[in-house]
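# Examining the three-dimensional arrangement
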Number of protein chains: 2
Amino acid sequence: MHVSESLVISDADFQQEDANFLSRSERYDAAVRKSAQMILKLREYGISDPEEIYAYKNCVHRGRPEPLDLHLGMFLPTLLNQATPEQQEAFFMPAWNLEIIGTYAQTEMGHGTFIRGLETTATYDPATQEFVMNSPTISSIKWWPGGLGKTSNHAIVLAQLYTKGICHGLHAFIVPIRSMSTHEPLPGIEVGDIGPKFGFDEVDNGYLKMDNVRIPRMNMLMKYAKVERDGTYQKPPSAKLTYGTMVFIRSMIVGESSRALSKACTIAIRYSSVRHQSELRPGEPEPQILDYQTQQYKLFPLLATAYAFKFVGQYMTETYHRITGDINQGDFSELPELHALSAGLKAFTTWVANGGIEVCRMSCGGHGYSRCSSLPDIYVTFTPTCTYEGENTVMMLQTARYLVKSYRQASTGQQLSGIVSYLNEAHQRLQAQPVSSRPTVVNISDLASLVEAYKLRAAKLVEVAAKSLQGELQKSRSPEDAWNNSSIDLVRASDAHCHYVVVKLFAAKLGEISDTGVHSALSTLALLYALHGVAQNSGDFLQAGLLTVPQLSSVSQRLKDILAQVRTNAVALVDAFDYRDEMLNSVLGRYDGNIYEHMFEWARKSPLNRTEVHESYHKYLKPLQSKL
Amino acid sequence: MHVSESLVISDADFQQEDANFLSRSERYDAAVRKSAQMILKLREYGISDPEEIYAYKNCVHRGRPEPLDLHLGMFLPTLLNQATPEQQEAFFMPAWNLEIIGTYAQTEMGHGTFIRGLETTATYDPATQEFVMNSPTISSIKWWPGGLGKTSNHAIVLAQLYTKGICHGLHAFIVPIRSMSTHEPLPGIEVGDIGPKFGFDEVDNGYLKMDNVRIPRMNMLMKYAKVERDGTYQKPPSAKLTYGTMVFIRSMIVGESSRALSKACTIAIRYSSVRHQSELRPGEPEPQILDYQTQQYKLFPLLATAYAFKFVGQYMTETYHRITGDINQGDFSELPELHALSAGLKAFTTWVANGGIEVCRMSCGGHGYSRCSSLPDIYVTFTPTCTYEGENTVMMLQTARYLVKSYRQASTGQQLSGIVSYLNEAHQRLQAQPVSSRPTVVNISDLASLVEAYKLRAAKLVEVAAKSLQGELQKSRSPEDAWNNSSIDLVRASDAHCHYVVVKLFAAKLGEISDTGVHSALSTLALLYALHGVAQNSGDFLQAGLLTVPQLSSVSQRLKDILAQVRTNAVALVDAFDYRDEMLNSVLGRYDGNIYEHMFEWARKSPLNRTEVHESYHKYLKPLQSKL
């Protein structure tokens, strides 16, 4: 990673004016310029490993999305995974050499996470051996794909396949959308940018409307499903094969939650150690705002969270690689669990990080609102993760479905394995002992004991959700209505399950750390993470009889003690995230702490300061004065 | 209000291209043009009542802040309130006629809420009878005032007054900053825009650095404090006189919380009744997403909150006017309570609304991220309220100071009056009966009973904070350290107090409503608001013994029932906020529900679509292809 950073940061070809001072069209223009440079340099340096490419790209664009993201991250990989050798021959090299610039067009105006509802059609015409692509309604217009608006000349389009009058569901088609010589849209194609968004200024998220666009039969990706010349359809061998990418990307997003939150924490904690404000003791100098308990209470639990999510992200990547190995051996047994876990953790971590970034921003007072802080940019770049790759509430409900299914299996005496195995014992335990008579076991200073409490809380909330479902069914509702009428409980159960997993993985990570100083600092953070969660969800722990009222007061006191402990290491703990100033791009988060001078220097460069007198004075204010 | 709306919306002079399609400089330019037009029209129509001006302005700028905000809202009123008759004669009419365009420059780079720390100096020179204005450090540069960067030619500058070698604290000075003929900065003045922010693109928030700028003695606002010719200083008669404006603005912000949240709710709830997605029952059409319980659980409590804050805002305005009347009679007795209440409620309502707007945005899926939804705009326009006019955590602590003081008075047997009077009885009650033996009194279907529970929760948390303070003092810490080490508890106490006030005022409002249909709908919302708060803070209610564990399950069930009830009226309840399409400016929130066609139409107008082929293709992509 650091090799890439040094290469990029010292490279004059990647310098640009501060993006905050550019219009959207200028930002898009600058991003295309840098992406084009990047492609050349990647070839020049011979960088081809996907993770190295990702790191290099991340440096070039300073963590921001860019117009070629979908070409590199979806179009090329989809060709590799779903094209036949013949198709790869036709499309891969042109795409590798950017004669074909592609995107992945799935989402439509009317449908996102619920992909079965997509309306775009691909109707096979055996007479010409072509597919006829259509956007039959306004809501079927492809909407949102990155790079679709202005950059791409091809798109992999997800469409309902019709052949011999029968719909066979969604399949992927390579559709040329712009001329490879003039870049003008092709006949039957209406394509453009979907307009400004909350962030993502560098990306031309686009729309695509197709009117009887004919593509050759071989433009359907046919490695698995096939349409023969006469229109005969051949099913793919397994529906699970498409799971993999989804699981991989959701696992990546967990890591992204940690990165975004750790950047925000770095900025806020460094700034809080430079900013002095108010009086703690009359007559003494103004203290650093990081000395205020309320500031610590905002920032330190988020710092602990950033570390927790980092370890969860690592675990997800490792697990993904391990299970991919199994899948390649034909063993799909762990896939459902991984699928459920990646859905829930994607939602859990992005929601928490999303809120946390804003807490960091607001903890910086007024200056957090300035774009020179980078905090607004981090937020708007990150917040779409709550929606893309599966809307978070839908993700939580997917995990809940797995939990409820597991719970029912445990109830009928099946022995569960894997991360839900706690539902075995918990089920017996919760059944055997009513809440009031169960002894409280939690030791609030012992992380293992807290992990146990989180586990029992999750078990309890899975049970509550399962019982709600059962109750609804007994009122003779349909299974679908029963599900909907229990969905608040189901989301809570998933949330508690994910929270347990995070605490558990954080605790497990400590066992791997041999350096005593690091171990001590991270143990304190893990305890902070766990206790803060108990305090925030105290109702659950009290309700489940896992905690007593007097213990709750001890939790408060213990939290305060831990905040004071973390204060000592806080700046070192964010320095350890190891973000270079060039990558953070934040005046408030500067490593040297020289904030005010650089803020002044930055402001002077603002476009409104290019002239001393803005033209609006001559156009409107001066004439107004003469009229009054 | 509606008269203004019709006047403005039909007025060709106020039309402009969608602000989302403009660069920041263009947005500033368009705002200055509209503000200049607005001044002319206000004179033409003879609109001079401050509230009417506010409504008109709000229409012209569609709820966004604008470059003349501080001229109209701070500069002119400060002249009226703090200038002597002689000064008014010199400055008021030129300012009224916009020869003088002014702003109010208080905040500096290094100090915001803690205004005693401001560093700008005004040193009286009796030799010339002038004040010498200086920005002695980088951190003393005035930073943030709206309209300061490019628009204003004068500023009321808050500075530490020095005369005869003694500092007399902050006073206000009228400082000319730009030439009234050329608009160029005057000698010794460095002034400009502070650069792009999270929102507020229309406003030239500015910086001001002064280097030995001399202004006449009469430019110090001398209605209260005075500096005589020889430099003799005369104190103002009362320090409380400056309280008023602060309290007024904070009260206004409470209303603003309701407006911003009600706009976001209107958009999200209308969209959720138009958007169809997924399957509830196999084979049936896709349901409106408002039929999903999880969607209702996100939006309906926020809808109830928007109504609650509306009533709280009304109460604050009425109370402000009543107490201002008292103050004019020389009765200051209620001012401390109002001051404490406005600080806490400003923080409580802005935090809740701030988070709520983002929940609304994310409940709209991908389309919520598009600027055509207006939700990003509502958020970035609103979020600074959490910081300006007093940073929220500091505000909560101010309220806590009042609560703890009141609690101590009650403990020593003093009889409290006003909104904290509950601390009288609560104190006795909590003292007399330990938590465990107290009978649980709350009836979760009865609003009055819930108000009582919120009251006792507040009393409990005030007690916890007061005891924490006491405990810290007994460890022989300084009062300042004790305060800091209890500040988490103090903020919680304020939060609970404000929550109680909101529930109480919502319940009280129901008594004023005679229409049975409206009364029934709002009673349901009030119950939803109260029960949702219990569920979100269940730990507090369990801890205080106000609720039992089995009751908590009933709360969950009751909440679900209420969501289903609110579903029937939800669209009517947001229609009742009565926002015209032109004011909401949201494709998703359109009254007619015709969303998809208008989204497509809006996107086609996006600046990136002005040419079919973006110039970056010719500049970077085409050349790249030839190099690979």
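Residues numbered from 1 in each chain as written. Chains lettered and ligands numbered in written order. Predicted model: local features only at pLDDT ≥ 70, side-chain atom pairs only at ≥ 80, totals over all residues. Heavy atoms only, no water.

Identification of chain A as Acyl-coenzyme A oxidase from Clupea harengus is taken from an unreviewed UniProt entry. Quoted straight from UniProt, the Sequence similarities (unreviewed entry) entry for chain A says "Belongs to the acyl-CoA oxidase family." (UniProt positions renumbered as here; feature names shortened; annotations may be inferred.)

## Let's talk about the sheet that holds strand β7 (residues 189-193) of chain B
Pairing is antiparallel in the open sheet, where three strands are placed in the order β4-β8-β7 (chain B). Pairing within the sheet leaves two strands with one partner each, and these edge strands are β4 (142-143) and β7 of chain B. Note that β4(B) and strand β8 (residues 206-210) of chain B share two bridges and pair antiparallel. Residue B:K142 lies in a different strand from β8(B), and its bridge partner there is B:L208. Sheet strands touched by helix α19 (residues 595-604) of chain A: β4, β7 and β8 of chain B. Its angle to β8(B), the strand with the most contacts, is close to 115°. (Pairing = 2+ DSSP bridges. Helix = DSSP H or I, 4+ residues; strand = E, 2+ residues; numbered from the N terminus. Contact = heavy atoms within 4.5 Å. Axes fitted to C-alpha atoms, helices over the stretch in contact; angles between N-to-C directions.)

## Re the interface of chain A and chain B
Taken together, the contacts link 131 residues of chain A with 131 residues of chain B. Approximately 11100 Å² of surface area, both sides summed, lies buried where chain A meets chain B, with 60% of it carried by carbon and sulfur atoms. The tally of links between chain A and chain B comes to eleven salt bridges. One salt bridge in this structure joins A:R604 and B:E190, with 2.7 Å as the shortest N-O distance. Connecting chain A to chain B are 71 residue pairs in polar contact (both at pLDDT 80 or more). Of the residues in the side of chain A that touches chain B, the class split is 51 nonpolar, 45 polar and 35 charged. (Buried area = accessible area lost by both parts, 1.4 Å probe. Salt bridge = Lys/Arg side-chain N within 4 Å of Asp/Glu carboxyl O. Polar contact = N/O pair within 3.5 Å; in protein donor to acceptor, adjacent residues only side chain to side chain. Nonpolar A, V, L, I, M, F, W, Y, C, P; charged D, E, K, R; others polar.)

## A few points about the sheet that holds strand β7 (residues 189-193) of chain A
All names here are of chain A. Strand order in the open sheet formed by three strands is β4-β8-β7, and the pairing between neighbours is antiparallel. Of all the strands in the sheet, the pair left with one neighbour each is β4 (142-143) and β7. With five bridges joining them, β7 and strand β8 (residues 206-210) adopt antiparallel strand pairing. Paired with V191 across the bridge in β8 is L208.

## A look at the domain arrangement of chain A
Residues and elements named next belong to chain A. Domain annotation for chain A reports domain 1 (1-64), domain 2 (101-232) and domain 3 (250-415 + 447-581 + 595-606). When each unit is reduced to the centre of its C-alpha atoms, the spacing between domain 1 and domain 3 is 30 Å. Each partner contributes to the interface: domain 1 provides twelve residues, whereas domain 3 provides twelve residues. Note on domain 1 versus domain 3: buried area summed over both sides is about 1000 Å², and carbon and sulfur give 47% of it. (Domains from an automatic or database assignment.)

## Some thoughts on helix α8 (residues 335-363) of chain A
Residues and elements named next belong to chain A. Taking 1.5 Å per residue as the helical rise, α8 with its 29 residues ought to reach 42 Å, and the 41 Å between its terminal C-alpha atoms agrees with that figure. Counting buried positions along α8 yields 24 of 29 residues, so the element is predominantly enclosed. G365, located one to two residues past α8, shows a positive phi value of around 60°. (Expected span 1.5 Å × (residues − 1). Buried < 20%, exposed > 50% of the residue type's maximum accessible area, 1.4 Å probe, protein only.)

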